[in-house]
Amino acid sequence: MRNVDRVVWFPELSRDDIGVVGGKNASLGELIRNLAPVGVRVPEGFATTAGAYWEYLAVGRLRERVAEQIDRLHQGAELATVGRAIRRAFEETDLPTALAEAIIDAYRRLGKSVGRVDPDVAVRSSATAEDLPEASFAGQQESFLNVTGEQALLTACRRCYASLFTDRAIDYREKLGYDHLKVALSVGVQRMVRSDLAGAGVMFSIDTETGFPHSVLINAAWGLGDTVVGGLVDPDEYLVFKPLLDRPDLRPVLSTAQGRKQRKTVYAEDSERATTRMVDTDEDERHRHVLDQTEILALARWAAAIEKHYGVAMDIEWAKDGLSGDVFVVQARPETVQTRREAALLRSYRLRAGGQRLVSGLAIGDAIATGRVCVLRSPAEIDRFSPGAVLVTEITDPDWEPIMKRAAAIVTDHGGRTSHAAIVSRELGVPAIVGTGHATTDLADGQPVTVSCAEGDQGFVYSGILDFEEQDLDLADIPRTNTRVMLNLANPAAAFRWWRLPADGVGLARIEFIVNNHVKIHPMALIHFDSVDDDDRKRIIELTRGYDDRSEYFVERLAYGVARIAASRWPDPVIVRMSDFKTNEYSRLIGGRRFEPSEENPMLGWRGASRYYSDGYRDGFALECRAIRRVRDDIGLTNVIVMIPFCRTVEEADEVLKVMGENDLIRGQADLQVYVMAEIPSNIILAELFAERFDGFSIGSNDLTQLTLGVDRDSAALAHLFDERNPAVTRSIQRLITTAHIQHRKVGLCGQRPSDDPDFARILVHAGIDSISVTPDSFLTVKQNVAAAEQDLPRRHQ
């Protein structure tokens, strides 16, 4: 055998060579050959071939020793004993001289190309079967980082070969019926990226939880990338919107979340045996993002380019060199979970009742499961685990998989969305919550719990067995309608869950939910920080850590929340209602008591439009405007329409539009549309005048009914009088639609009544309503009700 048949340089490889060098190494060659021209950087390196492995197996009866041990396994010997014996056989058998020389020669050439003698390299395993090129052996073999020197490299290669027979790899092939002696292993040797001096991580060209195809998810932590892949730390998380990445004038980052990043892997340069070591991160590293926005966008563009080349969603590992500052891709493979989901079926879960939350973390999947807690510290405790229990542990690795397959749900202390626990739980279809921080101490063995991943990107473990429901929505059965049916969305974290619904946009996105749950601080308390009491000041300092300008905290978090909702329906319209807290609700925000009056009737008090031009909130509204401007101008989501709530008079409308203009939100500029809520009788009576100032109306049926009939909607004693189908209300709606259409203005309605009452949907459709907006779980019902109503009006809707 020639050396050229034993060792191949990455640029000579393509994805057609999986049978020769395995999927991992073939992919590196594919990247270098095809994506370097568009700027994707991949570290230099080479791979040993499957033929080299077979040559090694022929040395010193190695093949026979492996076969003997496999026969023992089939005769009842313990897996651990067999695996240990095979690995020892590899360790006791030197590489063939010709193979060792070929590896050393390539290593020396690599050193010359990077300008260093004995360069530090990563040594990774890449298994393959020539007659099973589609087989996946990911995560079953070993990798070694910071390998330096010729003898250390040969040792690492031998250990890679031995790792073809880890217990989990043997078990995997046994279950699938693969012949152990027909699976080969290629060793990839790649120049190390000095991410121990910077950071590394994983990214997906798809949303890992929902399959939303228009986002790139990036995880990042300090040091070498094994901490992210292995779920050893809680990494930073960045979300980027792909469709706008080709616009260099935009920065389409949808969110950045700072992880705890408690530890990092660095070089262990003084150790002869261990090449890396784990150390604690310092305070600055824990409270600082690993990547800046320029680096985030560069990586996202690479992910999009790699996905485009392969034609499928991709799972990509990256690393940043702390010496040069350059970022590299070190691995890429097809994503295997979301791309296999049934596109025509949408399954949703919902808790029927709440409960006591015990721990929370990142939700993996969107399901709900119940069971009894089983806290395990090691996979060796498998005998303690009962099928259907909830596995609670610190982290997982491939050795945990036999237990994970038997679990109803999985909860870990550490890890992010790209950790081992997250990836495997998705593949198994098991709900998981990762990065809880302290589940192993807060949850007790045998404790009955409910694990919910159905409430957005945060998952919760509840005390007790709670009642929940699941619903399958067949997207193939949804009728088409001329009346637009849109969604009411409030929680940005849950927006991507509904991307498959054929909705016509978002008819109502409430800013209050984002402020209450993601900002938590009253905007005026950020602007007038010195006037806030000591307790609130401490909480504000903690939440805004890392922000030089505390107002920027409000703007950024609000902008990210709105952007995520807007991206979920791009390019369809997304109507964002500016804040409509009542004073009693505003006062509950951190620092809010100082800035809110006590009102007898907040429902009819200082709310909505009246706040925006008032000296008591004008500066707070300016922050809301900054956030919307960032979403539209910087991120590029120009599908956002602004909506003004509770606007009592046309004079008030003029004041609000003036203040918006002072904050560079000008109706008509950059195609900005501004709508108004129609929820006060004056909006109906003076509809023609309001139509001169706004581009559309959105009927708030609850408030309109309350104020038209003079009925407190929260009064149990008057509940029998609160009826949106009362003629006074329906005639007001009909009058508004007629007047608005004369002025060429659109009218929509936000509310649940059309889903509960087909007759009400028919009233709206007959009146010529342009759109109806409902919660996602009511979407199918409303679509069907609207379609039935449209059958009565064939001419009007043709």
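Residues numbered from 1 in each chain as written. Predicted model: local features only at pLDDT ≥ 70, side-chain atom pairs only at ≥ 80, totals over all residues. Heavy atoms only, no water.

### Some details on the overall build of the protein chain
Part 1 of the argument: Scanning the protein chain from terminus to terminus reveals 30 helices and 30 strands.
Part 2 of the argument: Here the C-alpha atoms of the protein chain give a radius of gyration of 30 Å, agreeing with the 28 Å that 2.2 N^0.38 yields for 798 residues.
Part 3 of the argument: Considered along the principal axes of its C-alpha atoms, the protein chain spans approximately 95 × 55 × 50 Å.
Part 4 of the argument: Counted over contacts in the protein chain with a minimum sequence separation of 6, partners at least 24 positions apart contribute 70%.
Part 5 of the argument: Per element, the accessible surface of the protein chain, about 32,300 Å² overall, is 46% carbon and sulfur.
Part 6 of the argument: With 95 positive and 118 negative side-chain charges, the protein chain shows a separation of 1 Å between the mean positions of the two kinds. (Helix = DSSP H or I, 4+ residues; strand = E, 2+ residues; numbered from the N terminus. Rg over C-alpha atoms; globule rule 2.2 N^0.38 Å. Contact = heavy atoms within 4.5 Å. Areas by Shrake-Rupley, 256 points an atom, 1.4 Å probe, with all protein chains shown as cover. Lys, Arg positive; Asp, Glu negative; His and termini not counted. Charge placed at Lys NZ, Arg CZ, Asp CG, Glu CD.)

### A short note on the packing of helix H22 (residues 618-635) against helix H23 (residues 650-662)
How two helices sit against one another is set out by the angle between their axes and by the gap between those axes.
Part 1 of the argument: Across the interface, H22 lies against H23 with an axial gap of 10 Å and an inter-helix angle of 60 degrees. Classified by the angle their axes make, H22 and H23 are oblique. Our pair here, H22 against H23, has a crossing hand that is right-handed. Taking contact as the criterion, the partners of Arg618, Phe621 and Cys625 in H22 are, on H23, Val659, Met660 and Glu662.
Part 2 of the argument: Residues of the contact of H22 with H23, tallied by class, amount to 4 nonpolar, no polar and 2 charged. (Axes fitted to C-alpha atoms, helices over the stretch in contact; angles between N-to-C directions. Parallel < 35°, antiparallel > 145°, perpendicular 65-115°, else oblique. Left-handed = near helix turned anticlockwise from the far one by under 90°. Nonpolar A, V, L, I, M, F, W, Y, C, P; charged D, E, K, R; others polar.)

### Side note on the confidence of the model for the protein chain
Part 1 of the argument: With 96% of its residues at a pLDDT of 70 or more, the protein chain shows a mean pLDDT of 92.
Part 2 of the argument: Every residue in residues 130-134 scores below 50 in pLDDT, and together they form 6 contacts with partners more than four places removed in sequence or on other chains. (pLDDT = per-residue confidence, 0-100.)

### Considering the sheet that holds strand S8 (residues 236-241)
Part 1 of the argument: The 6 strands lie next to each other as S9-S8-S7-S6-S12-S13, forming an open sheet whose pairing is antiparallel. The outermost strands of the open sheet, each flanked by one partner alone, are strand S9 (253-257) and strand S13 (327-334). Taken over all neighbouring pairs, the strand axes of this sheet differ in orientation by 15 degrees on average, direction set aside.
Part 2 of the argument: Sheet topology places strand S6 (residues 199-204) next to strand S7 (residues 215-222); 6 bridges connect them, and they run antiparallel. Among the inter-strand pairings, Phe204 is bridged to a residue of S7, identified as Leu217. (Pairing = 2+ DSSP bridges.)

### Notes on a nonpolar patch on the surface
Part 1 of the argument: Side chains of Ile685, Leu686 and Leu689 sit close together on the surface and give an oily, nonpolar patch of about 240 Å² of accessible area.
Part 2 of the argument: Looking at where Leu686 falls in the secondary structure, it is placed in the loop between helix H24 (681-685) and helix H25 (687-693). (Patch = residues over 30% accessible without salt bridge, like charges linked within 9 Å, V, L, I, M, F, W, Y side chains within 5 Å. Salt bridge = Lys/Arg side-chain N within 4 Å of Asp/Glu carboxyl O.)

### Focus: unusual backbone geometry
What is expected of a backbone is that most residues other than glycine have negative phi and most peptide bonds are trans.
Part 1 of the argument: The omega torsion across Trp570 and Pro571 is 0 degrees, close enough to zero to call that bond cis.
Part 2 of the argument: Checked against the element boundaries, Pro571 lands in the loop between helix H19 (550-569) and strand S25 (574-577).
Part 3 of the argument: In this model, Lys520 sits at a positive phi of 75 degrees, which is unusual for a non-glycine residue.
Part 4 of the argument: You can see Lys520 is positioned in the loop between helix H16 (511-519) and helix H17 (523-527).
Part 5 of the argument: Phi at Asp664 is positive, roughly 65 degrees, even though this residue is not glycine.

### Some remarks on the packing of aromatic side chains
Aromatic ring pairs: the centre-centre distance and the angle between the two ring planes describe each pair.
Part 1 of the argument: Counted according to the given criterion, the structure contains 16 aromatic pairs.
Part 2 of the argument: Each ring, one from Phe241 and one from Trp570, has its centre 6.2 Å from the other, and the planes form 80 degrees; the classification is edge-to-face. Note that Phe241 is positioned in strand S8 and Trp570 in the loop between H19 and S25, a separation of 329 residues in sequence.
Part 3 of the argument: You can call Phe241 buried: its relative accessible area is 1%.
Part 4 of the argument: An aromatic cluster is defined as three or more aromatic residues linked by ring pairs; in this entry it consists of Tyr53, Trp54, Tyr56, Phe90, Tyr161 and Phe165. (Phe/Tyr/Trp six-rings, centres within 6.5 Å; stacked < 30°, edge-to-face > 60°. Buried < 20%, exposed > 50% of the residue type's maximum accessible area, 1.4 Å probe, protein only.)

### With respect to the sheet that holds strand S15 (residues 357-364)
Part 1 of the argument: Here 7 strands make up a closed barrel; going around it, the order is S15-S19-S18-S17-S16-S20-S21 and the pairing mixed. Between one strand axis and the next, the sheet turns through 35 degrees on average, direction left out of account.

### Comments concerning helix H6 (residues 97-114)
Part 1 of the argument: A rise of 1.5 Å per residue sets the reference length of H6, with its 18 residues, at 26 Å; its end C-alpha atoms lie 26 Å apart and thus fit the reference within 8%.
Part 2 of the argument: Where H6 ends, the next residue or the one after it, Gly115, has phi of about 80 degrees, a positive value. (Expected span 1.5 Å × (residues − 1).)

### A word on the side chain of Ser163
Part 1 of the argument: With respect to the helices and strands, the residue Ser163 is situated in the loop between helix H7 (150-162) and helix H8 (167-176).
Part 2 of the argument: A polar contact of 2.6 Å, which involves the side chain of Ser163, links it to the backbone oxygen of Cys160. (Polar contact = N/O pair within 3.5 Å; in protein donor to acceptor, adjacent residues only side chain to side chain.)

### Points about the nonpolar core
If you look at soluble globular proteins, the nonpolar side chains tend to sit buried side by side.
Part 1 of the argument: Residues Leu254, Leu637, Ile644, Met660, Phe697, Ile699 and Ile733 are the most contacted members of the largest nonpolar core, which totals 104 residues.
Part 2 of the argument: The greatest single-element share of this core, amounting to 10 residues, is contributed by H19.
Part 3 of the argument: Residues Leu99, Ala102, Tyr107 and Ala184 belong to the second largest nonpolar core, which totals 47 residues. (Core = buried A, V, L, I, M, F, W, Y, C linked by side-chain atoms within 4.5 Å.)

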